[in-house]
Amino acid sequence: MAGHSKWANIQHRKGRQDAVRAKLFSKLSKEITVAAKMGDPDPDKNPRLRLAVKEAKSQSMPKDNIDRAIKKSQVGDGDDYEEIRYEGYGPNGVAVIVEAMTDNRNRTASTVRSTFTKNGGNLGETGSVGFMFDRKGEVTYPADVGDADTVMMAAIEAGAEDVESSDDGHVIWCADTDLNEVATALEGELGESESTKLVWRPTTTTEMDLDSMQKLMRLIDALEDDDDVQRVTTNFEASDEVMEQL
């Protein structure tokens, strides 16, 4: 399974404290506001907003928070935000992509660069690691939604490209431009998904030992602690033994 999926599982197993959840809701709200500002404030008419709201709901974000974030877009909030992608290397040469949304490019660049440096990594130029990932749509379902064959058939009919099924659940992959259509079709067959979002899927991975993984987790934690950072993706691969010791 790809590094970002494992990382999501790590976070899930550890549980989210109130402060972490508040920060997550803040990032989700920012995405909703910007998505609504860039298109229609009605999720049914705005695919990006629909996906942002869907992701917020999957993280148990209250409906009031979602509605408030959409309303903010109508009063000018989100006007100054720009989306920036940073690329670099972490411990043991693992590739790291940082997606940010900021109203101050210089501040964010300085903070991200400093965070990499302090945590055993280095920030590279745009494109320095991006070639190791594909931009994809990712839809996840719990294992009990159906067996592998059932989910595979539903995915094929929905126009998806690939399915990974395990005891942890089902991960359905599609072209980034097809995510809204594929997710809608899957919903008709399998019901509400656990998560629907655009991700960077690693095409090549870097094997990590326990020491490297511990350092990588510190880097990711520090990056995600920055209010401007929306999402961090890496291409790590680690054995079950290493993951169990984290």
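None of the values given here were measured: they were computed from a predicted structure.

### A closer look at the sheet that holds strand S5 (residues 162-166)
- Here we have four strands laid out as an open sheet, ordered S5-S6-S4-S7, and antiparallel in their pairing. In the strand order of this sheet, the two ends are held by S5 and strand S7 (195-202), each with one partner. Neighbour to neighbour, the strand axes of the sheet diverge by 30° on average, direction disregarded.
- Here five bridges tie S5 to strand S6 (residues 169-175), and the two strands are oriented antiparallel to one another. By the bridge assignment, Glu164 is partnered in S6 with Val171.
- Its contacts with the sheet put helix H7 (residues 179-190) on strand S4 (133-141), S6 and S7, and the angle it makes with S4 is roughly 20°.

### Things to note about the environment of Phe133
- Secondary-structure assignment places Phe133 in strand S4.
- In this structure Phe133 comes out as buried when scored by relative accessible area, which is 4%.
- Sequence spacing of Phe133 and Arg201 is 68 residues, and the spatial spacing of their C-alpha atoms is 5.1 Å.
- Ignoring any residue separated from it by four or fewer positions in sequence, one finds Phe133 in contact with Ala95, Ile97, Trp200, Arg201, Pro202, Thr203, Thr233, Thr234 and Asn235.

### Description of the packing of aromatic side chains
- Tallying each qualifying case throughout the model produces zero aromatic pairs.
- Sitting above the plane of the Trp173 ring, Arg201 keeps its charged end 4.1 Å from the centroid.

### Brief notes about helix H3 (residues 47-58)
- The end-to-end C-alpha separation of H3 is 16 Å, in line with the 16 Å expected for twelve residues at 1.5 Å each.
- Listing the buried residues of H3 in full gives Leu49, Arg50, Leu51, Ala52, Val53, Lys54, Glu55 and Ala56.
- The N-cap of H3, judged by a side-chain oxygen 3.2 Å from the amide nitrogen of Arg48 a few residues on, is Asn46.
- Once H3 finishes, Ser60 follows within two positions and takes phi at roughly 65°, a positive value.

### Regarding the sheet that holds strand S1 (residues 82-89)
- The four strands are arranged S3-S1-S2-S9 in an open sheet whose pairing can be described as antiparallel. Bordering the open sheet on either side are strand S3 (122-124) and strand S9 (229-234), each of which pairs with just one other strand. Across the sheet, the mean angle separating the axes of adjacent strands is 30° when strand polarity is ignored.
- Of the strand pairs in this sheet, strand S2 (residues 95-102) and S9 are connected by five bridges, and their pairing is antiparallel.

### Considering unusual backbone geometry
- At Ser60, a position not held by glycine, the phi torsion is positive, near 65°.
- Residue classification places Ser60 among the exposed residues on the basis of a relative accessible area of 54%.
- For Asn92, which is not glycine, the phi torsion reads 65° and is therefore positive.
- Within the fold, Asn92 resides in the loop between S1 and S2.

### Side note on the environment of Asp42
- Residue position: Asp42 is located in the loop between helix H2 (18-38) and H3.
- Separated by 28 residues in the primary sequence, Asp42 and Ile70 have C-alpha atoms spaced 8.7 Å apart.
- A polar contact of 3.0 Å, which involves the side chain of Asp42, links it to the backbone nitrogen of Asp44.

### Examining the pattern of salt bridges
- This structure, assessed with the given rule, holds 18 salt bridges.
- The partner of Glu161 in a salt bridge is Lys136, and the shortest N-O contact between them spans 2.7 Å. Separated by 25 residues along the polypeptide, Glu161 in the loop between helix H6 (148-158) and S5 and Lys136 in strand S4 bring together distant segments of the chain.
- Note on Lys136: relative accessible area 16%, which makes it buried.

Reading the values: the criteria
- Residues numbered from 1 in each chain as written.
- Predicted model: local features only at pLDDT ≥ 70, side-chain atom pairs only at ≥ 80, totals over all residues.
- Heavy atoms only, no water.
- Pairing = 2+ DSSP bridges.
- Helix = DSSP H or I, 4+ residues; strand = E, 2+ residues; numbered from the N terminus.
- Axes fitted to C-alpha atoms, helices over the stretch in contact; angles between N-to-C directions.
- Contact = heavy atoms within 4.5 Å.
- Buried < 20%, exposed > 50% of the residue type's maximum accessible area, 1.4 Å probe, protein only.
- Phe/Tyr/Trp six-rings, centres within 6.5 Å; stacked < 30°, edge-to-face > 60°.
- Lys NZ or Arg CZ within 6 Å of the ring centre and 35° of its normal.
- Expected span 1.5 Å × (residues − 1).
- Polar contact = N/O pair within 3.5 Å; in protein donor to acceptor, adjacent residues only side chain to side chain.
- Salt bridge = Lys/Arg side-chain N within 4 Å of Asp/Glu carboxyl O.

Interpretation note: all reported values are geometric properties and have no functional meaning in isolation.
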